[in-house]
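In case you want the letters, here they are:
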Amino acid sequence: MTVIEQLIRIVRERQRRGVKFAELSPHNLAVLGMRRTPVPAMSTPAQRFAPPAQPSPVAPAVDLSAAPPATPPPSAPAVFPPPPDVSSADWDALCQACLSCQCCGLCATRHSVVVEDGCRTAPLMFIGEGPGADEDAQGVPFVGRAGQLLTRMIGAMGRDRASADPAKAVYIANIVKCRPPGNRNPLPEEGKACLGYLHRQIALVKPKVIVLLGNVALKFLTGRSGIMSARGKWIEVCGIPAMPTFHPSYVIRFERDAKQFHDTKLLVWQDLQQVMDKLSEN
Ligand code: URA
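Within any chain, residue numbers begin from 1 and follow the written order of that chain's sequence. In view of the model being predicted, local features appear only for residues whose pLDDT reaches at least 70, and side-chain atom pairs are presented and counted only at 80 or more, with totals across whole chains, interfaces and linings using the full set of residues. Processing note: side-chain calculations cover all non-hydrogen atoms of the structure and skip hydrogens and water entirely.

**As for the pattern of salt bridges**
Here is step 1: When a carboxyl oxygen of Asp or Glu is within 4 Å of a side-chain nitrogen of Lys or Arg, the pair counts as a salt bridge. In total, this model carries six salt bridges according to the counting rule given.
Here is step 2: We note a salt bridge from aspartate 271 to arginine 231, for which the minimum N-O separation is 2.8 Å. Residue aspartate 271 is found in helix 10 (residues 258-280), and its partner arginine 231 is found in the loop between helix 8 (227-230) and strand 5 (235-237); the two are separated by 40 residues along the sequence. By definition, any uninterrupted DSSP run of H or I lasting at least four residues is a helix, any uninterrupted run of E lasting at least two residues is a strand, and each is numbered from the N terminus.

**Side note on helix 3 (residues 91-99)**
Here is step 1: The cut-offs for exposure are 20% and 50% of the maximum accessible area for each residue type, with area from a 1.4 Å probe on protein chains only; residues under the lower value are buried, those over the upper are exposed, and the others partly exposed. Among the residues making up helix 3, those that are buried are Trp91, Leu94, Cys95, Ala97 and Cys98. For helix 3, the buried positions fall inside an angular range of 160 degrees around the axis, keeping them on one side. When we speak of the arc, we mean the arc of directions from the helix axis to the C-beta atoms.

**Focus: the site of the ligand**
Here is step 1: Near the ligand, the surroundings consist of Gly128, Glu129, Gly130, Glu135, Pro141, Phe142, Asn174 and His247.
Here is step 2: In the analysis that follows, any N or O atom pair within 3.5 Å is treated as a polar contact, provided that within protein one partner can donate a hydrogen and the other can accept it, and provided that, for residues neighboring in sequence, both atoms belong to side chains. Asparagine 174 places a side-chain nitrogen or oxygen 2.8 Å from a nitrogen atom of the ligand.
Here is step 3: Coverage of the ligand by the protein chains reaches 93% of its 230 Å² of free accessible surface.
Here is step 4: Charged means Asp, Glu, Lys or Arg here, nonpolar means Ala, Val, Leu, Ile, Met, Phe, Trp, Tyr, Cys or Pro, and polar covers whatever is left, Gly included. Considered class by class, the residues forming the shell around the ligand number two nonpolar, four polar and two charged. Throughout, near means a residue has at least one heavy atom within 4 Å of the molecule or strand. Only the protein chains shown count as cover for residues, and all accessible areas are computed by the Shrake-Rupley method using a 1.4 Å probe.

**Here we look at the packing of helix 3 against helix 6 (residues 188-205)**
Here is step 1: Helix axes use the C-alpha atoms of the stretch in contact, all axes being lines fitted to C-alpha atoms, and the angles between their N-to-C directions lie in the range 0 to 180 degrees. Put simply, helix 3 and helix 6 touch, their axes get as near as 11 Å, and they point 160 degrees apart. One finds that helix 3 runs roughly antiparallel with respect to helix 6. For the pair helix 3 and helix 6, the sense of crossing is left-handed. Two secondary-structure elements touch here, helix 3 through Trp91, Leu94, Ala97 and Cys98 and helix 6 through Tyr197, Arg200, Gln201, Leu204 and Val205. By definition in this entry, angles of less than 35 degrees are roughly parallel, angles greater than 145 are roughly antiparallel, angles of 65 to 115 are roughly perpendicular, and the rest are oblique. For a crossing to be left-handed, the near helix must be turned anticlockwise from the far one by less than a right angle; the clockwise case is right-handed. Contacts are assigned to residue pairs with any non-hydrogen atoms lying within 4.5 Å of each other.

**Examining the packing of aromatic side chains**
Here is step 1: Any Phe, Tyr or Trp ring, taking Trp's six-membered ring, that has another such ring centre within 6.5 Å forms a pair; planes under 30 degrees apart are called stacked, those over 60 apart edge-to-face, and the others tilted. Tallying each qualifying case throughout the model produces three aromatic pairs.
Here is step 2: For the ring pair tryptophan 91 and tyrosine 171, a centre distance of 5.9 Å and an interplane angle of 55 degrees mean the geometry is tilted. You can see tryptophan 91 sitting in helix 3 and its partner tyrosine 171 sitting in strand 3 (residues 171-174), a full 80 residues away along the chain. Each member of the pair, tryptophan 91 as well as tyrosine 171, carries the same accessibility label: buried.
Here is step 3: Ring centres of tyrosine 250 and phenylalanine 254 lie 5.1 Å apart, and the angle between their planes is 85 degrees; this geometry places the pair in the edge-to-face category.
Here is step 4: Residue phenylalanine 254 is classed as buried on the basis of its relative accessible area of 14%.
Here is step 5: Aromatic ring contacts, followed pair by pair, group Phe246, Tyr250 and Phe254 into a single cluster.
Here is step 6: Directly above the aromatic system of tryptophan 234 lies the positively charged group of lysine 278, at a separation of 4.7 Å from the ring centroid. Ring-over charges, as used throughout, are those where CZ of Arg or NZ of Lys falls within 6 Å of the ring centre and within 35 degrees of the ring normal.

**Focus on the side chain of glutamate 135**
Here is step 1: Along the chain, glutamate 135 falls in helix 4 (residues 133-138).
Here is step 2: Residues counted as positive are Lys and Arg, residues counted as negative are Asp and Glu, and His and the chain ends are not counted. The buried charged residue glutamate 135 lacks any salt bridge partner; its closest oppositely charged side chain belongs to arginine 179, at an N-O distance of 6.9 Å.
Here is step 3: A distance of 2.9 Å separates a polar side-chain atom of glutamate 135 from the backbone nitrogen of glycine 132.
Here is step 4: Setting aside anything within four residues of it in sequence, one finds glutamate 135 in contact with Ser112, Val114, Val140, Pro141, Phe142, Val143 and Gly144.

Rendered as structure tokens:
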């Protein structure tokens, strides 16, 4: 690297760090072919422009004022605190931990921490992916369009989201409790940061059966991908029988195609019938 390149690099680096002025030695000014302009004194010696080791014998003129605007430094990866240990938390402590969670980047954009809906003693638990815009605004899972379909499915099972009667009640939660911007899938680190809360919810509710809604719930709770092949077959989540099925937002994608909509709903309904059978076993 020539001396001039070295100087330019040092100046740009300082510019990037927000340093507005650099005091140049007469020697360096000569190297850069610049006229000296009055510059404010730097506040500390450490901020002073360090002269390069070797002057170049040939000094092409460089106008640093025409330098391209400084590009912001690549933002350092955010460091988040590790998720708290909630493995023995009661409901109050668990909810408090969720509501104050700052353990992943989703805390920066959320309006609500969407913890749960339904009855904490329900024998049937639904697990979705994460809040969308409506859920983020209302603080309740599955209240948007997909939620309305889920509510109808729950009704078709003879159950009721608002009921506290174990014969009818359900409990609803998500893999992540804060909305991923633009409804993207949760990132692995976001799911990982949130999973301890969900595991504790499962342990406290102790449902008889869990329904995993879609790929994200399947992936984060079992490590398996592929809802197409997994749906309709019993697996276990935290030692509890779990039925993977399609996410309601996948189903409503077919709303404009009557046959596909009907066929996809039918598959979900077959999965939910297995769930109802399991719930009625002693
Ligand atoms: N989709 C989900 O997976 N969860 C919600 O709460 C809403 C939409």
